[in-house]
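# Observations on the model geometry
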Amino acid sequence: IKSGRIKIGSYSDDGKEIIKAILQPGEIFGELALVGEETRGDFAQAIDKDVEICPLTVVDMSELMKRNQQLSLQITQLIGFRLLKAERKIESLVFKDSRTRIIEYLYELGKDRGEKVGFEILVKNFFTHQDIANLTATSRQTVTTVLNELRDKNLINFDRKRLLIRDLEDLKKEI
């Protein structure tokens, strides 16, 4: 992804959107084609208006990986990282309640994509409540309730464009 954000997901049998990831500039998608995935079950959809991607065929990417050992290692690590993330998500869905999944998602979002501003963590391009619900297998109403509860406790502040986590460790204590 050269610019903008892309969401990766699928639809359940009853038509509900399931978001698996929201990707940022510099990230890649479609990597499972390198390991033999012939038919894609997921969709990739632009979230922003200014999305630019740099498409590569499987043949071109394979050739690049053959010539560049470092790139090959990074792609392997990416696939492994995404597998670990999927396993954690399955565990979370099986063993944790909705509130915990939402707070855990916010914590990970702050840790992975936030930038430190003083003692606080700022996440730009915050997601819609529906997107968070689709990412955490909850409802939009539950997301709104949990976000408002966390704001009332002064653990976070948010609007349509950003999330401000007052203290990442204090947020973690809510998990």
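Everything that follows concerns the structure shown earlier in this document.
Residues numbered from 1 in each chain as written. Predicted model: local features only at pLDDT ≥ 70, side-chain atom pairs only at ≥ 80, totals over all residues. Heavy atoms only, no water.

### Observations concerning the pattern of salt bridges
We apply this condition: Just to be clear on terms, a salt bridge is a Lys or Arg side-chain nitrogen sitting within 4 Å of an Asp or Glu carboxyl oxygen. Helix numbers and strand numbers start at the N terminus; a helix is a DSSP run of H or I with at least 4 residues, a strand a run of E with at least 2. Each residue's exposure class comes from its accessible area (1.4 Å probe, protein chains only) as a fraction of the maximum for that residue type: buried when under 20%, exposed when over 50%, partly exposed otherwise.
On inspection of all chains with the given rule, the structure shows 17 salt bridges. For Asp131, the salt bridge identified is with Lys7, shortest N-O distance 3.6 Å. Of this pair, Asp131 sits in helix H4 (residues 129-136) while Lys7 sits in strand S1 (residues 6-11); the two residues are 124 residues apart in sequence, bridging distant segments of the chain. We note a salt bridge from Arg82 to Glu31, for which the minimum N-O separation is 2.7 Å. You can see Arg82 sitting in helix H2 (residues 69-95) and its partner Glu31 sitting in the loop between strand S2 (17-23) and strand S3 (43-46), a full 51 residues away along the chain. Among the residues examined, Glu31 registers a relative accessible area of 10% and is labelled buried.

### Some details on the packing of aromatic side chains
Just so we agree on the cut-off: Pairs were defined over the aromatic rings of Phe, Tyr and Trp, the Trp ring being its six-membered one, requiring ring centres within 6.5 Å. Orientation was assigned from the angle between planes: stacked under 30 degrees, edge-to-face over 60, tilted for the rest. Sitting over a ring, as applied to charges here, requires NZ of Lys or CZ of Arg to be within 6 Å of the ring centre and within 35 degrees of the ring normal.
Taken as a whole, this structure holds three aromatic pairs when the rule is applied. Plain terms: the ring middles of Phe126 and Phe158 are 6.3 Å apart, the flat faces sit at 50° to each other, and that makes the pair tilted. Of this pair, Phe126 sits in the loop between strand S5 (120-124) and H4 while Phe158 sits in strand S6 (residues 156-158), and the two are 32 residues apart along the sequence. Classification of Phe126 as buried rests on a relative accessible area of 4%. Lying across the ring of Phe158, Arg151 places its NZ or CZ 4.1 Å from the centre.

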